[in-house]
Amino acid sequence: MNSLHWIGIIIWGLFVAGCGLTGAGAGDSAPPQDVMLLIAGGLVTCLIGLVGLMGFAGWIPGLRTEQKSYS
């Protein structure tokens, strides 16, 4: 997956969390547990995308693969 896929996952998570936050202010239209699941799911999706993007870019030292030269 390239970095655009990971950025798309982050944007999708923001969208889902935003839907949950707008549902929180809607009054009695949505049950509170559904709103919390939307917000939590969106934030977890953002976190997955952020960690994936950092791993893809090599910002996490444990996920970085280095070329070893045996010359």
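Going by the structure above, here's the rest.
Residues numbered from 1 in each chain as written. Predicted model: local features only at pLDDT ≥ 70, side-chain atom pairs only at ≥ 80, totals over all residues. Heavy atoms only, no water.

Student: Give a description of the overall build of the protein that names residues and reports values.
Tutor: Regarding its fold elements, the protein presents two helices and zero strands. Going through the 71 residues of the protein one by one, you find that 23% of them count as buried. A separation threshold of at least 6 residues defines the contact pool for the protein, and within that pool the share at least 24 residues apart is 62%. Approximately 5,400 Å² of the protein is accessible, and the part contributed by carbon and sulfur atoms is 70%. (Helix = DSSP H or I, 4+ residues; strand = E, 2+ residues; numbered from the N terminus. Buried < 20%, exposed > 50% of the residue type's maximum accessible area, 1.4 Å probe, protein only. Contact = heavy atoms within 4.5 Å. Areas by Shrake-Rupley, 256 points an atom, 1.4 Å probe, with all protein chains shown as cover.)

Student: Go over a nonpolar patch on the surface with me, naming the residues and quoting the values.
Tutor: A cluster of nonpolar side chains, Leu4, Ile7 and Ile11, forms an exposed patch at the surface whose accessible area comes to about 300 Å². Along the polypeptide, Ile7 turns up in helix 1 (residues 3–24). (Patch = residues over 30% accessible without salt bridge, like charges linked within 9 Å, V, L, I, M, F, W, Y side chains within 5 Å. Salt bridge = Lys/Arg side-chain N within 4 Å of Asp/Glu carboxyl O.)

Student: Go over the packing of helix 1 against helix 2 (residues 32–57) with me, naming the residues and quoting the values.
Tutor: In contact at an axis separation of 7 Å, helix 1 and helix 2 are set at 165° when each is read in the N-to-C sense. Considering their axes alone, helix 1 and helix 2 lie roughly antiparallel with respect to each other. Handedness of the helix 1/helix 2 crossing: left-handed. (Axes fitted to C-alpha atoms, helices over the stretch in contact; angles between N-to-C directions. Parallel < 35°, antiparallel > 145°, perpendicular 65-115°, else oblique. Left-handed = near helix turned anticlockwise from the far one by under 90°.)

Student: Before we move on, could you go through the environment of Gly52 and cite the residues and values that matter?
Tutor: Along the chain, Gly52 falls in helix 2. What makes Gly52 buried here is its relative accessible area of 14%. Sequence separation between Gly52 and Trp6 is 46 residues; the distance between their C-alpha atoms is 6.3 Å.

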